[in-house]
Amino acid sequence: MHRSDPHILDSQPVIRQLDEGAINRIAAGEVVERPASAVKELVENALDAGATRIEVTVADGGKTLIRVADDGCGIPPEALPLALSRHATSKIDGSDLLNIHSFGFRGEALPSLGAVGRLTLTSRAKGHEAAEIKVSGGQLSAVKPAALNKGTVAELRDLFYATPARLKFLRTDRAEMQAVTDVIKRLAMAEPFVGFTLRDSSGGDTRTIFRADPESGDLFDALHGRLATILGRDFAENALKIDATRDGIRMSGYAALPTYSRGAAVAQFLFVNGRPVKDKLLTGALRAAYFDYLSRDRHPVAALFLDCDPQLVDVNVHPAKSEVRFRDPGTARGLIVSGLRHALAEAGHRASTTVAHATLGAFRPEEAPRTPEGKPFVYQAPDRRPSGGYGALNSFQAPAPAPYMSEGLRGFDHAPSARVEPVVEDAPEQTPLEEYPLGAARAQVHENYIVAQTSRGMVLVDQHAAHERLVYEKLKRQMAENGVASQALLIPEIIELSQGDAQRLLDAAEDLAKLGLVIEPFGGGAIAVRETPAILGEINAEALLRDVLDELTDQDDSMALQARIEAILSRVACHGSIRSGRRMQVAEMNELLRQMEATPHSGQCNHGRPTYVELKLSDIERLFGRT
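Residues numbered from 1 in each chain as written. Predicted model: local features only at pLDDT ≥ 70, side-chain atom pairs only at ≥ 80, totals over all residues. Heavy atoms only, no water.

Draft legend 1. Examining the overall build of the protein chain more closely. When helices and strands are tallied, the protein chain shows 19 helices and 24 strands. For the protein chain, with 627 residues in total, the buried portion stands at 44%. Within the protein chain, residue pairs in contact and separated by at least 24 positions form 68% of the contacts whose partners lie at least 6 positions apart. Accessible area of the protein chain: about 33,500 Å², with a carbon and sulfur share of 52%. (Helix = DSSP H or I, 4+ residues; strand = E, 2+ residues; numbered from the N terminus. Buried < 20%, exposed > 50% of the residue type's maximum accessible area, 1.4 Å probe, protein only. Contact = heavy atoms within 4.5 Å. Areas by Shrake-Rupley, 256 points an atom, 1.4 Å probe, with all protein chains shown as cover.)

Set out below in structure tokens:
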């Protein structure tokens, strides 16, 4: 503080009307945060113009050049100056700001870009000649004829040259280029029928960074193909189709299996009416949907699209339109949680194919044995030519192993750590066990892993992890049917809070009571805890209540209490499941496989790790060079 009291002024302040240039630069500070923001605004304009192909070229992370070319409807020459005026737009008439069907609607992007950079707009509308207009630092040029077949080309050079202080806050060219790429990929997900190309022309050399050709087919097929291009084939192979509706809101898209997760929340893409958004309500709902299937350090992968009547959502709550506000947030959140959990339950025991890929990648051919001289050992077959007719073949004896190989064979004298079960013939009227998804048990390895044979290959099952999940799901089902038993406190525990925090907890009292935590108001900001979940035993009620309050404040919902209860169920399931080191009979192993097939979420343990690995026969043959 430079003054003892900053609110005491030496003279009366004067209210001034800012000039148009200053207003545009202030607006640019809100709309154009970095080069990626400029790319987003220009590409969204192209999409609103009905473009089917969009080409984006940037240089030096977008600091020196951003060019967006599209084949949209274009702008007539007489409308070009108006397009660069503040709050001039063709997308709304101003009568209803809640009935918005386009990406843009404020009319701020182009004048804001022209206020902080050198913007050239070249366009050709149907029935008109091509024309261009330039604006530099807010100063417009006259409209001039130009050469262009169709659509619009917006070229922005020297971003922030008019506000050089902003350049100091930009990151490296590489980081800015990554941000531009992320923006293009998100918009490409939202518009699978539109082709996108991103090029980098830094240093005079032009290279393609990203390309996505227009997809065909119905919406789900097109989206699946586009997501495979952007997120990779592994995601496409391990993604579940999502299609659910609740109270006028429809959720569609794809969400990955829990065993296909990431170490950070970097692959979560959410869209509202086709608009990419980053919203705490929606990301919190996505986290809650996977809460029971992933450990806290793993994050789900999903691309989800929520579509509803524009009247049900306000997109005009953020300068960059990256946040939205639903009229009924609970409906949107409940749709995401219930829709995803239903899809995950329908997936049954399915696990990610990347687990098998990682397993196959762990296999490495061993180095060939060598002679004492260090030379590779070459096996020489004995002379098997018969000297006395065919009978000599029966007298053939395998040669004794070479002396330098005998040492390596002594390990076979130890007791084997695997047990092979005899193959039992199925009754004629029964379905062969090999035809079941997890096949027929054939062996147990190290008293912990079941080897099963399927019609397509083999399955390796972690018996402890698999049975732990089965027991856990059974305990959860029993708790859902019978409720969470609570224990009454002899003396209610009184917790002092602010009145606002107390009211927030009391608003959630009904939901907390279902989980065995009964609270009541105790006057002012005090809360009385009368009952706690019996399964938790003796607990610190104040610490638990404050954890719940923190989550309610941050996300309007709390998983803290449910997390503690389910953590206890998980520990009970762990102690009540088949232990590692136990020898199982073939009937027990097959019964475990059948229960896994019938139990939802059995493809991953309580911590999100896979419970089994499936290896296709073709992959196994490839390991041995048979294909």
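Here the narrative resumes.
Draft legend 2. Structural view of helix H9 (residues 329-346). For H9, with 18 residues, the first-to-last C-alpha span of 26 Å sits near the 26 Å given by 1.5 Å per residue. Note on H9: the residue one or two positions beyond its end, Gly 348, has a positive phi of about 60 degrees. (Expected span 1.5 Å × (residues − 1).)

Draft legend 3. Representation of unusual backbone geometry. One non-glycine residue, Asp 247, adopts positive backbone phi at about 45 degrees. Mapped onto the secondary structure, Asp 247 falls in the loop between strand E10 (239-246) and strand E11 (249-256). Given a relative accessible area of 64%, Asp 247 falls into the exposed group. In this structure, Asn 273 is a non-glycine residue whose phi angle is positive, near 50 degrees. Checked against the element boundaries, Asn 273 lands in the loop between strand E12 (268-272) and strand E13 (275-277). Classification of Asn 273 as partly exposed rests on a relative accessible area of 30%.

Draft legend 4. The packing of helix H8 (residues 280-289) against H9, seen in detail. One way to put it is that H8 packs onto H9 with a least axis distance of 9 Å and a crossing angle of 30 degrees. With respect to their mutual orientation, H8 and H9 come out roughly parallel. Here H8 runs over H9; the crossing is right-handed. The segment H8 lies against H9, with Leu 281, Leu 282, Gly 284, Ala 285, Leu 286, Ala 288 and Ala 289 engaging Pro 329, Arg 333, Ile 336, Val 337, Leu 340, Arg 341 and Leu 344. Taken together, the residues of the contact of H8 with H9 sort by class into eleven nonpolar, one polar and two charged. (Axes fitted to C-alpha atoms, helices over the stretch in contact; angles between N-to-C directions. Parallel < 35°, antiparallel > 145°, perpendicular 65-115°, else oblique. Left-handed = near helix turned anticlockwise from the far one by under 90°. Nonpolar A, V, L, I, M, F, W, Y, C, P; charged D, E, K, R; others polar.)

Draft legend 5. Representation of the packing of aromatic side chains in the model. Scanning the entire structure with this criterion turns up three aromatic pairs. Note on Phe 220 and Tyr 254: the rings are 6.2 Å apart at their centroids and 80 degrees apart in plane angle, and the pair reads as edge-to-face. With Phe 220 in helix H6 (residues 219-231) and Tyr 254 in strand E11, the pair connects residues that are 34 residues apart, well separated along the chain. The exposure class assigned to Phe 220 is buried, which follows from its relative accessible area of 12%. (Phe/Tyr/Trp six-rings, centres within 6.5 Å; stacked < 30°, edge-to-face > 60°.)

Draft legend 6. Representation of the packing of helix H13 (residues 463-482) against helix H18 (residues 586-598). Close contact between H13 and H18 brings their axes to 10 Å; oriented N to C, the two are set at 50 degrees. Our classification of the angle between H13 and H18 gives oblique. When you trace H13 past H18, the crossing you get is left-handed. On H18, the residues touching Gln 463, Ala 466, His 467 and Leu 470 of H13 are Leu 592, Gln 595 and Met 596. Classifying every residue of the contact of H13 with H18 by side-chain character gives four nonpolar, three polar and no charged.

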